[in-house]
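# Descriptive structure summary
What follows is the residue order along each chain.
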Amino acid sequence: MRPDHLLPHLLRSDPARPRITCYDDRTGERIELSARVLNNWVAKAANLLQEEFDAGPGTVVAIDLPPHWRTLYWTLAAWATGATVSLPPPATPDVLVTTDPAAPTDAPLVVVTLAALARRATSTLPADAVDEARELAGFPDTFGAFQEAADSDLALVAAGESSTYADLAAYVRVTGMARARVHTETEDLETFLRLAIRTYAADGSLVLTVGGPAPADRLRAEGVAS
């Protein structure tokens with residue numbers, strides 16, 4: 001299953017089921033998104049990428065974010081437009097999605113504030129940067145791509161290796177984790193994203209812990225697979 005087809009798959013299966021639960025133990029936040037709510041975030045971000053930056057097949061969207069629920073919807077949004085997701089950011093992406101308003105790049109910036117209730121960035125942004133916290137809500141929560149990626153288009157560039165949409169479709173053909181509740185506390189973005197696409201291809205859901213090891217009682221309460 002291609003990465004741009006994962007979310008429609010989850011919506012068909014069970015739109016109300018939680019698909020990512022994120023604990024940020026640095027702030028005490030717990031955020032849980034169903035497939036329907038995740039789809040709304042993805043649609044808004046994809047519309048922003050498409051309308052503001054003409055994102056589509058061949059566009060390089062660099063993701064400079066930690067493993068997080070916001071990172072997940074920005075990555076799925078880039079794939080929804082047919083673009084290439086790059087990790088870590090290359091020298092000259094077409095768009096850079098980052099938490100750092102002072103990122104050393106000439107690319108257009110989308111500055112993400114990770115806090116769940118943020119309504120604007122907490123620091124001064126460059127004049128032409130997009131303040132995600134302030135502007136994303138104004139985009140539609142349904143999305144239609146102007147052009148779908150071909151199987152041969154690049155979907156992911158990470159650690160010097162490139163994967164096409166067809167490559168990722170082959171990667172997620174897995175067994176043994178159907179509908180599983182899968183926990184991770186990885187700090188590596190590629191590991192997080194690859195786990196997400198494998199879990200979603202198997203109709204599962206993620207529990208992400210940020211900021212330290214998860215207590216055992218949390219994992220039991222969340223129904224995490226052993």
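### Regarding the overall build of the chain
When its secondary structure is counted, the chain shows 7 helices and 11 strands. Projected onto the principal axes, the alpha-carbon positions of the chain cover approximately 45 × 40 × 35 Å. Looking at the 226 residues of the chain, the share that counts as buried comes to 53%. Relative to all contacts within the chain whose residues are 6 or more apart in sequence, the contacts with residues 24 or more apart total 67%. Of the roughly 10,100 Å² of accessible surface on the chain, 50% is carried by carbon and sulfur atoms. Computed over 19 positive and 30 negative side-chain charges, the inter-centroid distance for the chain is 10 Å.

### Concerning the packing of helix H1 (residues 6-13) against helix H6 (residues 189-201)
Think of two packed helices as two axes; the pair is described by the angle between the axes and how far apart they sit. Viewed as axis vectors pointing N to C, H1 and H6 meet at an angle of 40 degrees, and their least axial separation amounts to 9 Å. When the axes of H1 and H6 are compared, the crossing they make is left-handed. Packed against H1, whose contacting residues are Leu6, His9 and Leu10, the element H6 presents Ile197, Tyr200 and Ala201 at the interface. Its residues assigned to classes, the contact of H1 with H6 shows 5 nonpolar, 1 polar and no charged.

### Overview of the nonpolar core
Counting residues in each nonpolar core, the largest one holds 59 residues, and the members touching the most others are Leu38, Ile63, Trp74, Trp79 and Val110. Not counting residues up to four positions away in its chain, the partners in contact with Trp79 are Pro3, Asp4, Val85, Ala155, Leu156, Tyr165, Leu168 and Ile197. One finds Ala103, Ala107, Val111 and Leu125 within the second-largest nonpolar core, a separate group that totals 9 residues.

### Some thoughts on unusual backbone geometry
Cis geometry is adopted by the peptide bond preceding Pro88, which originates at Leu87 and carries an omega value of -20 degrees. Structurally, Pro88 can be placed in the loop between strand S4 (84-87) and strand S5 (95-98). At Asp54, a residue that is not glycine, the phi angle is positive and equals roughly 55 degrees. Here Asp54 lies in the loop between helix H2 (35-53) and strand S3 (60-64).

### Re the sheet that holds strand S10 (residues 181-184)
With mixed pairing, the 4 strands of this open sheet are ordered in space as S2-S1-S11-S10. On the outer flanks of this sheet lie strand S2 (29-34) and S10, each paired with one strand and no other. Averaged over all adjacent pairs, the angle separating strand axes in this sheet is 15 degrees, with direction ignored. Pairing analysis gives 6 bridges linking strand S1 (residues 18-24) to S2, with the strands arranged antiparallel. Along S2, the bridge assignment pairs Cys22 with Ile31. Of the strands in this sheet, S1 and S2 touch H2, which is tilted by about 95 degrees from S2.

### What about the sheet that holds S5?
As summarised here, the arrangement of the 7 strands in space is S7-S6-S5-S3-S4-S8-S9, forming an open sheet in which the pairing is mixed. Both edges of this open sheet fall to strand S7 (130-131) and strand S9 (161-164), since each of them pairs with a single strand only. Strands in contact with H6 are S3, S4, strand S8 (154-158) and S9; relative to S4, the strand with the most contacts, it is inclined by about 140 degrees.

Conventions and cut-offs
Residues numbered from 1 in each chain as written. Predicted model: local features only at pLDDT ≥ 70, side-chain atom pairs only at ≥ 80, totals over all residues. Heavy atoms only, no water. Helix = DSSP H or I, 4+ residues; strand = E, 2+ residues; numbered from the N terminus. Buried < 20%, exposed > 50% of the residue type's maximum accessible area, 1.4 Å probe, protein only. Contact = heavy atoms within 4.5 Å. Areas by Shrake-Rupley, 256 points an atom, 1.4 Å probe, with all protein chains shown as cover. Lys, Arg positive; Asp, Glu negative; His and termini not counted. Charge placed at Lys NZ, Arg CZ, Asp CG, Glu CD. Axes fitted to C-alpha atoms, helices over the stretch in contact; angles between N-to-C directions. Left-handed = near helix turned anticlockwise from the far one by under 90°. Nonpolar A, V, L, I, M, F, W, Y, C, P; charged D, E, K, R; others polar. Core = buried A, V, L, I, M, F, W, Y, C linked by side-chain atoms within 4.5 Å. Pairing = 2+ DSSP bridges.

Read these as layout, nothing more, since geometry by itself doesn't imply function.
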